[in-house]
Amino acid sequence: MAEEKERKKKEEKEDVEELREVLSVVSKEVPALIKGIIASVFSEEAGRDMGRAAAAFYKELKEAGMPDDVAVKMTEGYISSFTSLGEVMKRAVGGKGEESKELEKEISKRIKEKLAEKGLAEKEEEEDED
Amino acid sequence: MRLRSIISLVLHATRLLLSLLALWLSLGWKVRRARKAFEKELAKMGMTKKDAKKLSAWYSKLKNDIMQTVKSSLFAWR
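Keep in mind it's a predicted model, so treat the numbers as computed, not measured.

A. Just the overall build of chain B, in detail. Tallying secondary structure elements over chain B gives two helices and zero strands in all. In chain B, which comprises 78 residues, the proportion classed as buried is 27%.

Written out as structure tokens, the structure reads:
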């Protein structure tokens, strides 16, 4: 009994240690990573580069004799291809397809079944002991 | 030893949250600067100010999309 208590205490201590180590790395790396991602899209330099690309596209269209409103519309389409980055992120992070939802249901069903089986087995063991 | 670990854990978590808060606060400013630089480049090529503003709106849309994604993923974890 005392041994088990000691073991549990040791495990708890190790868990706290582990969590501390994980958090110490995460607290340094995650903000740096997010900062890098943000800087690559939302910075003066990135805006200028993107503006140059869009402006060159617009200029080419104008020089080819495209009407102003059509050139603007086409440039808008060219730029909107970059907004798909947001869509990609949405799908990658939050997007759950039908398949994953079904899988989630199946997993929770199996877990419930196993727990029920385990519960029954434990009851039987208790009855046998009595 | 354990108390030290817990204190260190809380400090790291606070540091993480403060860094994320600072990033969130500075994001609006960064978007504004990127938009201005973008509009300036378009104006150089002869685009009207109105059209340049219309085109630079995608920056705000992108920012909103990213924030929405982060928020929804946070709520999904809870």
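B. Region of interest: the environment of B:Trp24. For B:Trp24, the position within the fold is in helix α1 (residues 2–44). When the C-alpha positions of B:Trp24 and B:Met67 are compared, they lie 9.1 Å apart, and in sequence the two are 43 residues distant.

C. Region of interest: α1(B). Residue and element names in this part refer to chain B. End to end, α1 covers 62 Å across 43 residues, agreeing with the expected 63 Å (1.5 Å per residue, within 8%). The sharpest bend along α1 comes to roughly 30°, located at Leu27. Within α1, the full set of buried residues consists of His12, Lys30, Val31, Ala34, Arg35, Ala37, Phe38, Glu39, Glu41 and Leu42. Once α1 ends, the next one or two residues include Gly46, with phi positive near 95°.

D. Examining the packing of helix α2 (residues 44–63) of chain A against α1(B) more closely. The interhelical angle for the contact between α2(A) and α1(B), taken along N-to-C directions, is 25°, at an axis separation of 7 Å. One way to sum up the angle between α2(A) and α1(B) is to call them roughly parallel. For the element pair α2(A) and α1(B), the recorded crossing hand is right-handed. Of the residues in α1(B), those touching α2(A) at A:Glu44, A:Ala46, A:Gly47, A:Arg48, A:Met50, A:Gly51, A:Arg52, A:Ala54, A:Ala55 and A:Tyr58 are B:Arg33, B:Ala34, B:Arg35, B:Ala37, B:Phe38, B:Lys40, B:Glu41, B:Leu42 and B:Lys44. Each residue belonging to the contact of α2(A) with α1(B) can be placed in one class, and the counts come to nine nonpolar, two polar and eight charged.

E. Geometry of the confidence of the model for chain B. Mean pLDDT over chain B works out to 85, with 94% of the residues at or above the 70 mark. Interface scoring of the predicted complex returns ipTM 0.76; its pTM is 0.64.

F. Layout of the interface of chain B and chain A. Listed per partner, the contact involves 38 residues of chain B and 41 residues of chain A. Those elements that place two or more of their residues in the side of chain B that touches chain A are α1 and α2 (49–77) of chain B. It is α1(B) that contributes the most residues to the side of chain B that touches chain A, 24 residues altogether.

G. Fine view of the nonpolar core. Judged by nonpolar contacts, the single largest core of 20 residues is most densely connected at A:Ala54, A:Tyr58, B:Ala34, B:Phe38, B:Leu42, B:Leu55 and B:Tyr59. Breaking this core down by element, the ones donating at least two residues are α2 and α3 (68–94) of chain A together with α1 and α2 of chain B. Among the elements that line this core, the one with the most residues is α2(B), at six residues.

H. Region of interest: the packing of helix α1 (residues 2–41) of chain A against α1(B). The geometry of α1(A) relative to α1(B) is characterised by a closest axis approach of 9 Å and an angle of 15° between their N-to-C directions. As far as their axial angle goes, α1(B) and α1(A) are roughly parallel. Note that α1(A) runs across α1(B); the crossing there is left-handed. Here the residues of the contact of α1(A) with α1(B) sort into 15 nonpolar, six polar and seven charged.

What counts, and where the lines are drawn
Residues numbered from 1 in each chain as written. Chains lettered and ligands numbered in written order. Predicted model: local features only at pLDDT ≥ 70, side-chain atom pairs only at ≥ 80, totals over all residues. Helix = DSSP H or I, 4+ residues; strand = E, 2+ residues; numbered from the N terminus. Buried ≥ 20, exposed ≤ 12 C-beta atoms within 10 Å, placed from the backbone. Expected span 1.5 Å × (residues − 1). Bend = angle between axes of the 7 residues up to and from the residue. Axes fitted to C-alpha atoms, helices over the stretch in contact; angles between N-to-C directions. Parallel < 35°, antiparallel > 145°, perpendicular 65-115°, else oblique. Left-handed = near helix turned anticlockwise from the far one by under 90°. Contact = placed C-beta atoms within 7 Å. Nonpolar A, V, L, I, M, F, W, Y, C, P; charged D, E, K, R; others polar. pLDDT = per-residue confidence, 0-100. Core = buried A, V, L, I, M, F, W, Y, C linked by C-beta atoms within 7 Å.

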